[in-house]
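Per-entry structural report
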Amino acid sequence: MTISTAIGNFMHLNTKALCSSLFLLFAFSTSYAHAAESSRTIPRLESTSCATQALKDLNASCYTFYGEENWSAPSGNTVELPVGVIPPDSDASTESGSPVIFFPGGPGHSALSIPDYIAQLRKDIGNRTLVLFDPRGFKHANPTLSCPSYASVSPYHNIVHTPALTASLDPMGRMKHITNEVSSCYQKLENEGIEVSQYTESATARDIEEIRSRLDYDAVDIYGSSTGSGTALSYIRYYPDSVRSAILGWPWYTSLRNRAPLDEFYTLKGKFTDVLAMCVEDSQACREQVPAWFLAIDRTRRALDDRPYTARVGSEGQEKTLYFDGAAFLDTL
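The structure contained in this document is the topic of the report that follows. Just so it is clear, the model here is predicted, and its values are computed rather than measured. (Residues numbered from 1 in each chain as written. Predicted model: local features only at pLDDT ≥ 70, side-chain atom pairs only at ≥ 80, totals over all residues. Heavy atoms only, no water.)

Details of the overall build of the protein chain
The secondary structure content of the protein chain amounts to 12 helices and nine strands. Within the protein chain, the fraction of its 333 residues that count as buried is 37%. Long-range contacts, defined here as pairs at least 24 residues apart, represent 62% of the contacts in the protein chain between residues at least 6 apart. When the accessible surface of the protein chain is summed, it comes to about 19,300 Å², and 55% of that surface belongs to carbon and sulfur atoms. (Helix = DSSP H or I, 4+ residues; strand = E, 2+ residues; numbered from the N terminus. Buried < 20%, exposed > 50% of the residue type's maximum accessible area, 1.4 Å probe, protein only. Contact = heavy atoms within 4.5 Å. Areas by Shrake-Rupley, 256 points an atom, 1.4 Å probe, with all protein chains shown as cover.)

This is how it looks when you write it as structure tokens:
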């Protein structure tokens, strides 16, 4: 081999190496760009650290779901929802059914940090995968619809709930006070850049459908608690093919929400009338246990309206009057 041939071969090999290096660099850069683009994709589900110690202790696979705040007209605002997937007990050899997605109630009552509550849910569903999440606006979600000033006037954690209107000797004054607090809460959230009108059942249903799809589940079982049952019903309404079966635990149905409190009382009364009427019609035992049930309810309500039950309670020099009238009775019922 001549010197010129050797030099030529050397240059040829190094040119190939240089081209290969440039190609790899380009491919890596392209791959990195795609990865960066992927990290900005909405919607998406990312594997992340667990939102609570309870999920960590249960060896849950934890994720954060990123979705549009406004699914119909994306504005650049997003929601981030924590998701925990808890596998069946390790003692069992096979899973006994479809994954179960739990819809928490309240609204606003997160189950993610309550070990005993999660333990009961796992007992309820048997040897299945349990999927827990905080819906948009809940405690561990971002953003959180938090109004601490309202919590100071509501006996039912951090939401608007009817007992707040009946737990006072002056319901009209109480109602006015709460109206002011709700107005202040709305303004606070708006000032934070939150589009309050997007924190709805339909938006939550879309969030869950996106999460289900990204977890690669086919039809799932769903389990709702209280107002979570209303949200579960919305999910069934919007995505019926994604649901195999449903459990509605002590449901507060969608049709009862966002109404004037007095209207709620009459609507609830009608619901109980329908349910108990079916019970009495179908069951001799029911007929024996609830004779004249509607009359008994009406008598009790009238008696409490005529003479509300009051009690003074207090500690450390501070006293408060507890007040229980017919409206409060129906609400408690």
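What to know about the packing of aromatic side chains
The description of an aromatic ring pair rests on the distance of the ring centres and on the angle between the ring planes. The final tally for this structure, using the stated rule, is five aromatic pairs. Where Tyr235 meets Tyr239, the ring centres are 5.7 Å apart and the plane angle is 45°; that geometry is what we call tilted. Of the residues examined, Tyr235 reaches a relative accessible area of 0% and is grouped as buried. Residue class for Tyr239 comes out partly exposed when judged on its relative accessible area of 21%. Following the ring pairs from residue to residue traces out a cluster consisting of Phe103, Phe133, Tyr235 and Tyr239. Here the basic side chain of Arg44 rests over the ring of Tyr66, its NZ or CZ set 3.9 Å away from the ring centre. The ring of Tyr199 is capped by Arg136, whose NZ or CZ atom sits 5.6 Å from the centre of that ring. (Phe/Tyr/Trp six-rings, centres within 6.5 Å; stacked < 30°, edge-to-face > 60°. Lys NZ or Arg CZ within 6 Å of the ring centre and 35° of its normal.)

A short note on the environment of Ser226
Summarising the element assignment, Ser226 is placed in the loop between strand E6 (220-225) and helix H8 (227-238). Each C-alpha atom, one on Ser226 and one on Gly249, is 6.1 Å from the other, the two residues being 23 residues apart in sequence. For Ser226, the residues in contact, after removing those within four places along its chain, are Gly105, Gly249, Trp250, Pro251 and Trp252.

Notes on helix H3 (residues 115-125)
Buried within H3 are the following residues: Ile118, Leu121 and Ile125. All buried residues of H3 fall inside an arc of 55° around its axis, so they share one side. Structural note: H3 exposes Asp116 and Lys123 on the side pointing more than 90 degrees away from its buried face. Here the buried face of H3 lies against helix H2 (53-57), strand E3 (78-86), strand E4 (100-103), strand E5 (130-133) and E6. A positive phi of about 75° marks Gly126, the residue just after H3. (Arc of directions from axis to C-beta.)

A look at the packing of helix H7 (residues 201-214) against H8
It is the contact of H7 with H8, at a shortest axis distance of 9 Å, that shows an interaxial angle of 70°. Relative to H8, the element H7 lies roughly perpendicular. The way H7 lies across H8 gives a crossing that is right-handed. Mapping the contact onto sequence places Glu201, Ser202, Thr204, Ala205, Ile208, Glu209 and Arg212 in H7 and Gly230, Thr231, Ser234, Tyr235, Arg237 and Tyr238 in H8. The class makeup of the residues in the contact of H7 with H8 is four nonpolar, five polar and four charged. (Axes fitted to C-alpha atoms, helices over the stretch in contact; angles between N-to-C directions. Parallel < 35°, antiparallel > 145°, perpendicular 65-115°, else oblique. Left-handed = near helix turned anticlockwise from the far one by under 90°. Nonpolar A, V, L, I, M, F, W, Y, C, P; charged D, E, K, R; others polar.)

A short note on helix H11 (residues 293-306)
The terminal C-alpha atoms of H11 lie 20 Å apart, and with 14 residues this matches the ideal 20 Å at 1.5 Å per residue to within 8%. Listing the buried residues of H11 in full gives Trp293, Ile297, Asp298 and Leu304. Down the axis, H11 shows its buried residues gathered within 135° of arc, on one side only. Looking at H11, the residues exposed on the side facing more than 90 degrees away from the buried face are Arg299 and Asp306. (Expected span 1.5 Å × (residues − 1).)

Concerning the state of the cysteines
One pass over the full model with this rule turns up three disulfides. One disulfide in the model links Cys147 with Cys185; its S-S distance is 1.9 Å. A torsion of 80° about the S-S bond marks the disulfide between Cys147 and Cys185 as right-handed. Note that Cys147 is positioned in the loop between E5 and helix H4 (148-151) and Cys185 in helix H6 (residues 171-191), a separation of 38 residues in sequence. The residues Cys147 and Cys185 share a single accessibility class, namely buried. Shown here is the disulfide that connects Cys279 with Cys286, its sulfur atoms set 1.7 Å apart. In this structure, the disulfide formed by Cys279 and Cys286 twists by about 125° around the S-S bond and is classed as right-handed. A residue is classified by how much of its surface remains accessible, and Cys279, at 29% relative accessible area, is partly exposed. For the protein chain, the disulfide bridges join cysteines in the arrangement 1-2, 3-4, 5-6, where the cysteines are counted in sequence order. (Disulfide = S-S within 2.5 Å.)

A short note on the nonpolar core
Formed by 30 residues in total, the largest nonpolar core has its most connected members in Val83, Ile101, Phe103 and Ile222. When residues of this core are traced back to their parent elements, those giving at least two are E3, E4, E5, H6, H7, E6 and H8. Sequence-distant contacts of Val83, that is, excluding residues within four places in its chain, are made with Leu45, Ser61, Cys62, Tyr63, Phe65, Val131, Leu132, Phe133 and Ile211. In this structure, Cys50, Leu55, Leu132 and Tyr223 belong to the second largest nonpolar core, which totals 16 residues. (Core = buried A, V, L, I, M, F, W, Y, C linked by side-chain atoms within 4.5 Å.)

Structural measurements only, silent on function.
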